[in-house]
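Residues per chain are reported as follows:
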Amino acid sequence: MAQRSNEQWLDDLTREDDPLRQSEALADLTRRLQRGIFYYLSRERSDMTSRSYGELEQMAEDFAQEATLRVLKNLHSFRGDSLFTTWATKVAVRVAISELRRARYKDFSLEALTGDGEVMPDLSDSFGTERPVGPERSAEQQDVIGKIEQAIQEALTERQRAALVAVGLQGVPLEVVAERMDTNRNALYKLLHDARSKLKATLEHDGISMEYVLKLFERS
Amino acid sequence: MESISLEKLLGIAGAIFSVHEDELDCEGCDAEMPHLAEIIEAGEDPKKLLPAVVAHLEICHDCREEFEALLAVIRAEHSGAVLDAAHGAE
């Protein structure tokens, strides 16, 4: 595989007047991305251990093809503050992880999470078995949890609350929740940012700070 | 609904209290990831050079997962582990 500078990659990939050179660069890029993705799937993903090498190779090939198309489409956004191949690998990694998330959460329903009107997991049982504490401290912990629950229920819009519970408490990827909410990941991050700001203001108004929470729940 | 862990409760409290007016969003973080990966690989201090990106990665699980994957692949490329994995599959 030819070693190229950033300028050479950009030049070769866009050389429509030299189809041979362009197709060699495309093949090199796809091969490189495919190897990187195969490494990631086979060595870094514990949830892929049951897959055969053949399956992983096929997945890596599919993801690398898609990543190559995305790289070509977004060449204008390469800023040149890293190696071109690092940037292209970032694109490929995102393609692979997005597809894996989609597959993992294909049956996830935001309606199922919020449909019964009870979106909050039971925070009051969240630590009882992890660390026994005295009755006074336990009451204080319950009080703080109650205030956090109340703030989530009262200070947020329904949309903010559903997103916070799904992402923050249930651990569902932003990307998956954004899709279900007919928005994009960046807009969802901003929605959650606003939700966090509201909750911070509400809790601080109630005299609760992060230092206080950490001290109250610290493990001994 | 099922209860959540203390770790998650503290995680969400951390996310609430660490909120900043001028936080980097996911698009901004995505654009900085290649640079950040190379900074870390060069042994430089990411908190000093790209503090907003590091702060976003501490809050955003999606971006953190993608960044950790990028770093792992780049390190494996440098060490030869990517080629070893490819040859192992052949």
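In the block above lies the structure referred to throughout.
All values derive from a computational prediction rather than experimental measurement. (Residues numbered from 1 in each chain as written. Chains lettered and ligands numbered in written order. Predicted model: local features only at pLDDT ≥ 70, side-chain atom pairs only at ≥ 80, totals over all residues. Heavy atoms only, no water.)

(A) Just the pattern of salt bridges, in detail. Residues and elements named next belong to chain A. With the rule as written, the count across this model stands at 29 salt bridges over all chains. Salt-bridge contacts for Asp12 lead to Arg4; the nearest nitrogen and oxygen are separated by 2.8 Å. Just as Asp12 is buried, Arg4 falls in that class too. With a shortest N-O distance of 2.7 Å, Arg79 and Asp81 are connected by a salt bridge. We classify Asp81 as partly exposed; its relative accessible area is 29%. (Salt bridge = Lys/Arg side-chain N within 4 Å of Asp/Glu carboxyl O. Buried < 20%, exposed > 50% of the residue type's maximum accessible area, 1.4 Å probe, protein only.)

(B) Inspection of helix H5 (residues 61–79) of chain B at higher detail. Taking 1.5 Å of rise per residue, the 19 residues of H5 of chain B would be expected to cover 27 Å, and the 27 Å separating its terminal C-alpha atoms lies within 8% of that figure. Once H5 of chain B ends, the next one or two residues include Gly80 of chain B, with phi positive near 95 degrees. (Helix = DSSP H or I, 4+ residues; strand = E, 2+ residues; numbered from the N terminus. Expected span 1.5 Å × (residues − 1).)

(C) Focus on the side chain of Thr86 of chain A. Assignment of secondary structure puts Thr86 of chain A in helix H4 (residues 84–104). For Thr86 of chain A, a relative accessible area of 5% corresponds to the buried category. Side chain to side chain, Thr86 of chain A and Glu38 of chain B meet in a polar contact 2.6 Å long. The residues touching Thr86 of chain A, leaving out its near neighbours within four places in the chain, are Pro34, Glu38, Leu70 and Ile74 of chain B. (Polar contact = N/O pair within 3.5 Å; in protein donor to acceptor, adjacent residues only side chain to side chain. Contact = heavy atoms within 4.5 Å.)

(D) Main features of the interface of chain A and chain B. Taken together, the contact pairs 62 residues of chain A with 54 residues of chain B. Taken together, the two surfaces of chain A and chain B that pack against each other cover about 5200 Å², and 64% of this comes from carbon and sulfur. When the area that chain A buries against chain B is broken down by residue, the three leading residues are Lys90, Tyr189 and Arg196 of chain A, summing to 13%. Across the chain A-chain B interface, the total number found is 11 salt bridges. A salt bridge links Glu32 of chain B to Arg79 of chain A, with the nearest nitrogen and oxygen atoms 3.1 Å apart. Contributions of two or more residues to the side of chain A that touches chain B are made by helix H2 (19–44), helix H3 (53–73), H4, helix H6 (135–155), helix H7 (158–169), helix H8 (174–180), helix H9 (185–205) and helix H10 (210–217) of chain A. (Buried area = accessible area lost by both parts, 1.4 Å probe.)

(E) Here's a closer look at the environment of Lys90 of chain A. Relative to the helices and strands, Lys90 of chain A is located in helix H4. In contact with Lys90 of chain A, not counting residues within four places along its chain, are Asp30, Met33, Pro34 and Leu70 of chain B. Polar contacts involving the side chain of Lys90 of chain A include one to the side chain of Asp30 of chain B, which spans 2.9 Å.

(F) View of the nonpolar core. Residues Phe108, Val177, Leu188, Val213 and Phe217 of chain A are the most contacted members of the largest nonpolar core, which totals 55 residues. If one sorts the elements of this core by residue count, helix H1 (residues 6–17) of chain B sits on top with 7 residues. (Core = buried A, V, L, I, M, F, W, Y, C linked by side-chain atoms within 4.5 Å.)

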